[in-house]
Each structure stands twice: as C-alpha cells, then as structure tokens.
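Residue-level structure breakdown
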Amino acid sequence: MRTWPSSPGLLAPLLPWFETRGRRLPWRAVDLEGEHPDPYAVLVSELMLQQTQVSTVIPYFEAWMRRFPDLVSLAEADPEEVLGHWQGLGYYRRARHLQAAARRLSSGGWPREPRALERLPGVGPYTAAALASIAFQLPVPALDGNLYRVLARLLHLRAPRAHGASLRTWLAPALATLGPSRVTQALMDLGALVCVPGTPNCPVCPLAGACRSLAKGDQEGIPLPVQRPAPKEVELWLLALEWRGRWLLSRPRERGLLSGLWRWPESLSGGGDGTTGTQVPSGVQVREIPGWVQIYTHRRERVRPLHVRVASPPPHAESFTWVTRSRLASLPMGRRDQRLRKALADGDGSDSCSGVPLGRILSSLA
DNA sequence: CACCCGTGGCG
DNA sequence: TCGCCAAGGGT
C-alpha cells in the first residue's frame, strides 16, 4: 500500500466523467452532495442488487416502491405479498430480511454508523458501507465485486480481496475529499460501463493515465478469476397432482433452497432403474410435460415434470396442501415452479407413462 | 472457513 | 452449449 498513489488525486478525473457519463438509476439521488432524501430506497436497492445485475433489478425496484413506498408500508404488509413482489428475483431470503429490517427501522429509526447498520438482517459489511456512504455521506468505502475489479486493475493487484482492509483505508480519503456518495457510485459506474469484466474499454477510461494494469498491458489477467465449487447434479420428478380441480402443493419451508416459496412436490429420480412401480393405478391419468435443466449456483437439476390427475386423493404429509386453481395462480413461486405452472396453463405435454415409477412417486408424499 | 442461497445475460 | 459472474449475506 505504501507504493499506491494518493487516492484523491488518482480518482479526481472520475468526477467530470461521472457528471456526463454516469447512469441515471431510479434509486439514485439527483443531488449527490447532501444526504439521500430516502434511505429506505437505498436499502431496498442494495438488498436487491446483492449478486444481481442492475438491469434485472430496475423493474422489481420500481414495482416494489409503488407497492411498499416506505418503511411502514413494508413493515405492515402480508409476508406472502412481500415474497410475491420478489418472485423471480432469486435469493428469496433477502425479501424476508428486508421486511424484518423495515420492522426494526420503522420503530427504532435509522442508525448511521456501519457497525449499527450491520446488525440489520441481510445487511453485511458491504451493504452497511454502501448505506453509510450513499445514504448518509460517511466516508466508508463499500467494496463489492465491481469495485474490487476496478481497483485491482488500477493498482495491479491479482487477488484484490486479500487486500480488502488496505483498500478501504486507501480509498477513504478520496471519499472524504471528493464526496462519499459520488465517488462510490462513480467507481461503480466505471466498473459497469468501462472497466467491465473480460475486456475493458480502456480507450474511453478517465483513469487510463493512472492505470497500472494498462501500463503493463495486463488488464485482462487482473483480477484472477475466483474459484468455484462444481455444482451438484440432481434429477427429480416435479409433480403437478390434480384432484377435483385442486392442486397439491408443498408449503413454504423456513430455510434451504427456495425457502418462503410455494413449490410443487418433488421426488428424486436419479439412479432409479424406472422399472419398479410403473403400474399406473386405476382412476389415474399421467401426462409427461417436456423437461428441462434448472441451473442454480451450486446445483444442476434435471427436471422431469408430470401432470397426474387422480380420482381419489392419495395420502400425504401435512407439509403438503391442496389449493384451488385461482389460489395457485397467486402464490409466490421460484422460476422452476412458475415454469411448470405455466406449462399446465398452456396445456403442454403428452399422455405417456413409460418408465414413470408413479407408485414410488405418490408414496413419497406420505 | 466452507458451504449454501436464484436468476439472467453474455462471450 | 457452457462457464462466468453480478451493488453479498447467513450459518
């Protein structure tokens, strides 16, 4: 860090660039000098933006702010409706964290210090720093993946996350001098528009003159890619069980994958030879719906959907419940289960039951 | 610290 | 088609 040039001077050219090229985003204040007029909007945007791209977030943010315009409206809302407004955005725990944070803030008021902000559910070191700098103008650097990449190239660091503490110390004077909210968001815009992953657009970069990686011709090898574990492979039946116009659904779980959301019953199918239990009981119609591969961060699912109509309801555990068709349409679901819901509405699939171990699938409900 | 948690866009 | 990875946090 001793060999790094002073941050206020190095980053000063960012401001005129940001003035003309910076993004206009729905949660961003017009005046970046003072405190943000609506810290709640910053909180909502930051939670939505965790591991999620800006273009994905924008429509969700706008619908959210129309329905839950302030802390109180969110605090008092039905949790299922809250999940409904998060439906499709992913990492659903964030929605429940956000409502829990709103409940705490609406009664206790806003803290401003990162330490205190970090005690809010769903708010970690990054988000606390983002709130402190963007909402409250405190000179606390918020380092996300974007910033790590920009700073890694600027200072030629192969593993910037290993220098987190040093980078925050180094960056703080730039925030204090040039404006916490402005510098933070200018760096984010630079990372999103110019210093992008892969091949950056160095010819238009306002910091090109100071960039050590560009000087070394090494801007694509910085930073080193992050190592990720291989996804788990899973194959499962996704069961749309229909009885007298009602559908059997799995109640939301407290934790784990797709927690808080309604799901279709599922039954692991990987490894089975498909020869046992293939007899279809009388009074049962089976329809296979074209499957697909569902990709999650740490999981790769081969989904085999089935539409099964029964004349009498099979025994099932209390974690399942029958819902009407209109109720089904209103329940919050993840993309996978939404997809099956839509396929049913569209009438996709064909009658077939070869190799479907229906007996085993139905018995897995009990 | 290792692992878990969703989804979509892009090369 | 496939791997990367995005304004991370919780346990």
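Quick note: structure is the one above.
For the structure given in this document, a descriptive report is provided here.

Each value, and the rule that gives it
- Residues numbered from 1 in each chain as written.
- Chains lettered and ligands numbered in written order.
- Predicted model: local features only at pLDDT ≥ 70, side-chain atom pairs only at ≥ 80, totals over all residues.
- Heavy atoms only, no water.
- Near = heavy atom within 4 Å.
- Polar contact = N/O pair within 3.5 Å; in protein donor to acceptor, adjacent residues only side chain to side chain.
- Helix = DSSP H or I, 4+ residues; strand = E, 2+ residues; numbered from the N terminus.
- Nonpolar A, V, L, I, M, F, W, Y, C, P; charged D, E, K, R; others polar.
- 1 Å grid on protein atoms, 1.4 Å probe; cavity = no way out; pocket = protein on both sides within 12 Å on 5 of 7 lines; lining within 4 Å.
- Points joined across faces, edges and corners; volume = space filled by probe spheres on them.
- Buried < 20%, exposed > 50% of the residue type's maximum accessible area, 1.4 Å probe, protein only.
- Pairing = 2+ DSSP bridges.
- Salt bridge = Lys/Arg side-chain N within 4 Å of Asp/Glu carboxyl O.

1. A look at the protein's contact with DNA strand C
In the vicinity of DNA strand C lie 25 residues, with L49, G122, G124, T127 and D144 positioned nearest. When atoms of DNA strand C within 4 Å of the protein are sorted by moiety, sugar and phosphate together comprise 63%. Taking G122, its main chain carries an N or O atom lying 2.8 Å from a phosphate oxygen of DNA strand C. One of the side-chain nitrogen or oxygen atoms of D144 is found 2.3 Å away from a sugar or linking oxygen of DNA strand C. Of all the secondary-structure elements, those providing two or more residues to the surface near DNA strand C are α3 (39–49), α7 (93–108), α9 (125–135) and α10 (145–155). For the surface near DNA strand C, a count of residues per class yields 9 nonpolar, 9 polar and 7 charged.

2. Observations concerning the layout of surface pockets
By volume, the largest pocket amounts to about 1,600 Å³. In terms of lining residues, the largest pocket is bounded by 46 residues, among which Q51, D144, G145, N146 and R149 are the most central. Counting only elements with at least two residues in the lining of the largest pocket, the list comes to α3, α9, α10 and α12 (180–193). At 5 residues, the largest contribution of residues to the lining of the largest pocket is made by α10. Looking at the lining of the largest pocket residue by residue, the class counts come to 21 nonpolar, 14 polar and 11 charged. Quantified by volume, the second largest pocket comes out at close to 800 Å³. As for the second largest pocket, its lining consists of 28 residues, of which G90, Y91, Y92, L257 and Y296 are closest to the centre. Among the elements of the structure, α7, β5 (292–296) and α15 (335–346) are those that each provide at least two residues to the lining of the second largest pocket. The dominant element in the lining of the second largest pocket, judged by the number of residues it contributes, is α7, at 4 residues.

3. With respect to the environment of R94
Along the chain, the position of R94 falls in helix α7. For R94, a relative accessible area of 4% translates into the label buried. Placed 47 residues apart in sequence, R94 and L47 show a C-alpha to C-alpha distance of 6.5 Å. A distance of 2.8 Å separates a polar side-chain atom of R94 from the backbone oxygen of Q50.

4. Digging into the protein's contact with DNA strand B
In the region of DNA strand B, 19 residues are neighbours, and Y91, Y92, L258, T297 and R335 sit closest. Protein-adjacent atoms of DNA strand B, using a 4 Å cutoff, are sugar or phosphate at a proportion of 54%. Separating a base nitrogen of DNA strand B from a side-chain N or O atom of T52 is a distance of 3.0 Å. Among the elements that take part in the surface near DNA strand B, β5 stands out by supplying 3 residues, more than any other. For the surface near DNA strand B, the class distribution of residues is 7 nonpolar, 10 polar and 2 charged.

5. Overview of the pairing of strand β4 (residues 284–288)
With 4 of 5 residues buried, β4 is to be regarded as a mostly interior element. Both β4 and strand β6 (residues 299–310) contribute to a ladder of 5 bridges, which runs antiparallel. Note that in β6 the partner of E288 across the bridge is L306.

6. A few points about the pairing of strand β7 (residues 320–324)
Counting buried positions along β7 yields 4 of 5 residues, so the element is predominantly enclosed. Taken together, the 5 bridges between strand β2 (residues 246–250) and β7 define a ladder with antiparallel strand orientation. Its bridge partner being in β7, L249 is matched across the sheet by T321.

7. Section: the pattern of salt bridges
All chains considered together, the criterion is met by 17 salt bridges. R28 is the salt-bridge partner of D189, the closest N and O atoms lying 2.9 Å from each other. Separated by 161 residues along the polypeptide, D189 in helix α12 and R28 in the loop between α2 (14–21) and α3 bring together distant segments of the chain. Each member of the pair D189 and R28 is classed as buried. A salt bridge links E35 to R112; the shortest N-O distance between them is 2.8 Å. One end of the pair, E35, is in the loop between α2 and α3; the other, R112, is in the loop between α7 and α8 (114–117), and 77 residues separate them in sequence. Given the relative accessible area of 42%, E35 is considered partly exposed.

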